[in-house]
Amino acid sequence: MRSGGWKHNQETNTKIAATRRAQLSDPAERAKISEATKARMADPAVRQRIREGMLRASGAADELRTLRAVWRATRGTVRTRFLSELLEPVCRAEREGEQS
């Protein structure tokens, strides 16, 4: 794979796009692609690999793993205080709404 994450050069991308447009303009081809996609997506392992790949690509999985590790390492009293401070504005707004 080349740097920048691009798998194909511009010429190849243009050819691929033209082929896809031709396939999608034909109703029979579109139906065939749809059936093949449904068959592949029926497998939970395939859907899980797609989810994991999207998370890896976004970097969110690494951030969440780090956040969870820090959360677990934090004392319970600190967690409670954090949640109280985080949710306090929401609770205050709800109380004020009830008083109106």
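Residues numbered from 1 in each chain as written. Predicted model: local features only at pLDDT ≥ 70, side-chain atom pairs only at ≥ 80, totals over all residues. Heavy atoms only, no water.

### Regarding the overall build of the chain
Across its full length, the chain holds five helices and zero strands. What you see in the chain, going N to C, is helices and strands ordered as α-α-α-α-α. Here the C-alpha radius of gyration of the chain, 24 Å, is well above what a compact globule of 100 residues would show, namely 13 Å. Along the longest, intermediate and shortest principal axes, the C-alpha atoms of the chain span 60 × 40 × 30 Å. By the burial criterion, 2% of the 100 residues in the chain qualify as buried. On the chain, roughly 8900 Å² of surface is accessible, and the fraction owed to carbon and sulfur atoms is 58%. (Helix = DSSP H or I, 4+ residues; strand = E, 2+ residues; numbered from the N terminus. Rg over C-alpha atoms; globule rule 2.2 N^0.38 Å. Buried < 20%, exposed > 50% of the residue type's maximum accessible area, 1.4 Å probe, protein only. Areas by Shrake-Rupley, 256 points an atom, 1.4 Å probe, with all protein chains shown as cover.)

### Focus on the pattern of salt bridges
Applying the stated criterion to the full structure yields five salt bridges. Measuring nitrogen to oxygen at the nearest pair gives 3.5 Å for the salt bridge that ties E11 to K15. Linking E11 with K15, this pair stays in helix α1 (residues 10-25), spanning four residues, or about one helical turn. Across this residue pair, the class does not change: E11 and K15 are exposed. (Salt bridge = Lys/Arg side-chain N within 4 Å of Asp/Glu carboxyl O.)

### What to know about the packing of aromatic side chains
If you walk through the whole model with that rule in mind, you get one aromatic pair. Between the aromatic rings of W71 and F82, the centroid separation amounts to 6.0 Å while the plane-to-plane angle is 70°, which identifies the pairing as edge-to-face. One end of the pair, W71, is in helix α4 (residues 60-73); the other, F82, is in helix α5 (residues 76-99), with eleven residues separating them in the sequence. W71 sits in the partly exposed class, given a relative accessible area of 33%. Given the relative accessible area of 44%, F82 is considered partly exposed. (Phe/Tyr/Trp six-rings, centres within 6.5 Å; stacked < 30°, edge-to-face > 60°.)

### Points about α5
Compared with an ideal rise of 1.5 Å per residue, which puts 24 residues at 34 Å, α5 spans 33 Å between its outermost C-alpha atoms and is within 8% of the ideal. Taken as a whole, α5 carries its principal kink of about 45° at L87; the proline P89 stands between one and four residues after it. (Expected span 1.5 Å × (residues − 1). Bend = angle between axes of the 7 residues up to and from the residue.)

### Quick word on the packing of α1 against helix α2 (residues 27-41)
Contact geometry of α1 with α2 gives a least axis separation of 5 Å together with a crossing angle of 100°. In terms of orientation, α1 and α2 fall into the roughly perpendicular class. Packed against α1, whose contacting residues are R20, Q23, L24 and S25, the element α2 presents P27, E29, R30 and I33 at the interface. (Axes fitted to C-alpha atoms, helices over the stretch in contact; angles between N-to-C directions. Parallel < 35°, antiparallel > 145°, perpendicular 65-115°, else oblique. Contact = heavy atoms within 4.5 Å.)

### Description of the environment of R30
Relative to the helices and strands, R30 is located in helix α2. For the pair formed by R30 and R20, sequence separation is ten residues and the distance between their alpha carbons is 9.8 Å. Beyond its immediate chain neighbours, meaning those up to four positions away, R30 contacts Q23, L24 and S25.

### A word on the environment of E94
For E94, the position within the fold is in helix α5. Between the C-alpha atom of E94 and that of E35, which follows or precedes it by 59 residues, the distance is 49 Å.

Keep in mind that these numbers describe shape and distance, not what the molecule does.
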